[in-house]
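# Commentary on secondary and tertiary structure
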Amino acid sequence: MKLATQIGQGIDGYIIGGIGLAMGAITDDLHLSSMEQGLVGASPLIGIFIGGPLFGRLADRFGRRPVFLMDMLIFLIGSVLQFFVLDGPQLILIRLVMGVAIGGEYAIGAPLLSEYAGRLGRGRLLASLEISWYVGYALATVVGALFTSVDGGWRWSLASSAVIAVVCVALRGGIPESARWLLSRGRRDEAEALIEKYGIEVDVEAELDDRDEVRQDGFRALFSRRHLRSTVFASVFWAALVLPYFAIGTFWTEVFEALHMGDNAVAALLVYSFTAVAGVTAGCLVVDRIGRRKLLIPPFWITAGCLALVAVWPSSTPVIVVGFLFFIFLNAASSALTAVYPLEVFPTALRTTGVGFATAMSRVGAAIGTFLLPMGLDHFGAEFVLLIGAGVLVVGALVSQFLAPETTDLDLARAARTAREGA
């Protein structure tokens, strides 16, 4: 289960990251306008907005296992179709559909793994999924770099995700259903059989206590007084973390050129990607040691300062290099929590619905930022774009300061109660 989930997270990062170095060649071959460039970059993020809530609700209603497999089949088909696109609108549509699958992966994969994880070490296990995401992102960058000098190489680069999808489909065929989900549906005997078979650590009574109210309300429960705090926190902190990263990463070459460092853009994007891998690995290692809040709130303030510093001194190469490196490293370290916090603040019967909704909200901001960034560079310059990114990070810091619960080492049912009670 862990490997099937990690590969799924890796392919998410691979699909998002694969567009970075390919964008220039795609623009030339398909004659994209600046608006179409923005839509190619933003379309997977828009798709996530649809796929997160849709697949999350399906997984809460019909079970984790069938939706988990269906999601990866969409990845496989979309990966192959990218090779054959003839124009910008076709590529935008295909990547939009693949974004729907990415949203489904966020809503299902990590929650399913969390429901089989014990309370001790759960943070590190779930955060390791984010390492897979960043490794996938970095691997896509390497593959893209290898194909930059090949005529039509971007087609091979984007379609190469099909290889990963085939492996993942094979692995997911034998995944069992979630025992916690079975409890949330009142199927106690089946759940307890799985708990005994796999040695799962579950507070059965706490799970059963929460099931009736949420199962009846569905999406509406997210906005009830009982769960609104968790919904707002999960959505806002996630959006604030990923918006600057996706926007800057997708158009890294353009950002670097706007800062008058275009000759080093490819090498810088590789450094960008692998620094992120190092950052999320560090976050994974400390998430259960220092606690969730300490890994989230201070890095928000520091990364906001880093982007603001680059915006204020855009002519200084040392400031640009150091500022971006600190931003990438700490942003990625905190991003380990996107595979942890949203799963812990919602009860089982609402977990994939809540995670799916938070995923969607996070990608609304990321999609808007990715869509507007090339136009922002054209009309206002890199300094303005970086200051906006810093402002987004400040919002994330403030919301987290007031709403982030400390859920380290708590059983999932207990963690959700802590979140909604504001403890």
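Presented here is a report on the structure given in the accompanying data block. Per-chain numbering applies: the sequence of each chain, read as written, is numbered from 1 onward. Reporting of local features is limited, given that this is a predicted model, to residues whose pLDDT is at least 70; pairs of side-chain atoms are given and counted only at 80 or more, and all residues count toward the totals for whole chains, interfaces and linings. With hydrogens and water excluded, all non-hydrogen atoms of the structure serve as input to the side-chain values.

The next subject is the packing of helix α15 (residues 292–312) against helix α19 (residues 382–403). One way to put it is that α15 packs onto α19 with a least axis distance of 8 Å and a crossing angle of 160°. With respect to their mutual orientation, α15 and α19 come out roughly antiparallel. At the point where α15 passes α19, the crossing takes the left-handed sense. For the pair α15 and α19, the contacting residues are R293, L296, I297, F300, W301, T303, A304, L307, A308, V310 and A311 in the first and E383, L386, L387, G389, A390, L393, V394, G396, A397, L398, S400 and Q401 in the second. Residues belonging to the contact of α15 with α19 are distributed by class as follows: 16 nonpolar, five polar and two charged. Only C-alpha atoms enter the line fits that serve as axes; for helices the fit covers just the stretch in contact. Angles between N-to-C directions range over 0 to 180 degrees. A run of H or I in DSSP counts as a helix once it spans at least four residues, and a run of E counts as a strand once it spans at least two, with each numbered from the N terminus. Throughout this description, any angle smaller than 35 degrees is read as roughly parallel, any larger than 145 degrees as roughly antiparallel, any in the 65 to 115 degree range as roughly perpendicular, and the remainder as oblique. Handedness of a helix crossing follows the sense of rotation of the near helix relative to the far helix, less than a right angle counterclockwise being left-handed and clockwise being right-handed. Note on contacts: a residue pair is in contact if any heavy atoms of the two residues lie within 4.5 Å. Classification convention: Asp, Glu, Lys, Arg as charged; Ala, Val, Leu, Ile, Met, Phe, Trp, Tyr, Cys, Pro as nonpolar; all other residues, Gly among them, as polar.

Structurally, R351 can be placed in helix α18 (residues 351–379). Definition of a polar contact: a pair of N or O atoms within 3.5 Å, with one able to donate and the other able to accept a hydrogen when the atoms are protein atoms, and with sequence-neighbouring residues admitted only if both atoms are side-chain atoms. Within the local environment of R351, its side chain forms a polar contact with the side chain of E115, the two groups lying 3.1 Å apart. Within the local environment of R351, its side chain forms a polar contact with the side chain of T348, the two groups lying 2.9 Å apart.

One non-glycine residue, H31, lies in positive phi territory at about 55°. With respect to the element layout, H31 can be found in the loop between α2 (19–30) and α3 (34–62). Despite not being glycine, D409 has its phi angle at roughly 70°, a positive value. Turning to its location among the elements, D409 is positioned in the loop between α19 and α20 (412–421). For D409, a relative accessible area of 30% puts it in the partly exposed group. Whether a residue is buried, partly exposed or exposed follows from its accessible area with a 1.4 Å probe, protein chains only, as a fraction of its type maximum: under 20%, in between, or over 50%, in that order.

Another point: the side chain of E344. By secondary structure assignment, the location of E344 is in helix α17 (residues 341–344). E344 gets classed as buried once you look at its relative accessible area, which sits at 0%. Within the structure, the side chain of E344 is placed 2.8 Å from the side chain of R122, a separation counted as a polar contact. Here the side chain of E344 touches R292 through a polar contact of 2.7 Å, side chain to side chain. Residue contacts for E344: discarding those within four places in its chain leaves R122, R292, T407, L412, A415 and A416.

Patches draw on residues past 30% relative accessible area with no salt bridge. Two like charges within 9 Å are joined, as are two nonpolar side chains (Val, Leu, Ile, Met, Phe, Trp, Tyr) within 5 Å. Where accessible areas are quoted, they stem from the Shrake-Rupley method and a 1.4 Å probe; at the residue level, only the protein chains shown are allowed to cover. Salt bridges, as used here, are contacts in which a Lys or Arg side-chain nitrogen is within 4 Å of a carboxyl oxygen on Asp or Glu. The grouping of V271, V321, V322, L325 and F326 at the surface amounts to a nonpolar patch, some 390 Å² of accessible area in total. Here the nonpolar patch takes four residues from helix α16 (residues 317–335), the largest share from any one element. Mapping V321 onto the fold places it in helix α16.

Once that is clear, we can look at empty space enclosed by the protein. Grid points spaced at 1 Å over the protein atoms alone were grouped into cavities, where a 1.4 Å probe fits but cannot get out, and pockets, open sets with protein on both sides within 12 Å along at least five of seven lines, with lining residues defined by an atom within 4 Å of a point. Grid points are joined across faces, edges and corners, and a volume is the space filled by probe spheres set on the points. Going through the model one piece at a time under the given rule, you end up with four cavities of 30 Å³ or more. Taken as a whole, the largest cavity encloses approximately 100 Å³ of empty space. Taken together, 13 residues make up the lining of the largest cavity; nearest its centre are E130, Y134, V242, F246 and R363. For the lining of the largest cavity, the secondary structure elements donating two or more residues are α6 (122–146), α12 (228–250) and α16. Ranked by residues supplied to the lining of the largest cavity, first place goes to α12 with five residues. Among the residues forming the lining of the largest cavity, the class breakdown is eight nonpolar, three polar and two charged. Within this model, the second largest cavity holds a volume of roughly 40 Å³.

The next thing to look at is the packing of aromatic side chains. Note on aromatic pairs: the rings of Phe, Tyr and Trp (six-membered ring only in Trp) are paired at centre separations within 6.5 Å, and the planes decide the class, stacked below 30 degrees, edge-to-face beyond 60, tilted for the rest. Summed over the entire model, instances satisfying the criterion amount to 10 aromatic pairs. Between F233 and Y341, the ring centres sit 4.9 Å apart and the planes meet at 90°, which makes this aromatic pair edge-to-face. Of this pair, F233 sits in helix α12 while Y341 is found in helix α17, placing the two residues 108 residues apart along the sequence. Among the aromatic side chains, those forming a connected cluster through ring pairs are F83, F84 and W156.

On to the nonpolar core. The nonpolar side chains of soluble globular proteins are, as a tendency, buried together. Of all hydrophobic cores here, the largest spans 92 residues; its most connected members are I26, L296, F324 and F327. Considering every element that reaches this core, the biggest residue donor is α12, with 10 residues. Non-local contacts of I26, meaning those with residues more than four positions away in its chain, are made with I19, H31, L32, L91, W154 and L158. For our purposes a nonpolar core is just a set of buried Ala, Val, Leu, Ile, Met, Phe, Trp, Tyr and Cys residues, chained together by side-chain atoms within 4.5 Å. Counting 22 residues, the second largest nonpolar core, distinct from the first, contains F55, V100, I175 and L194.

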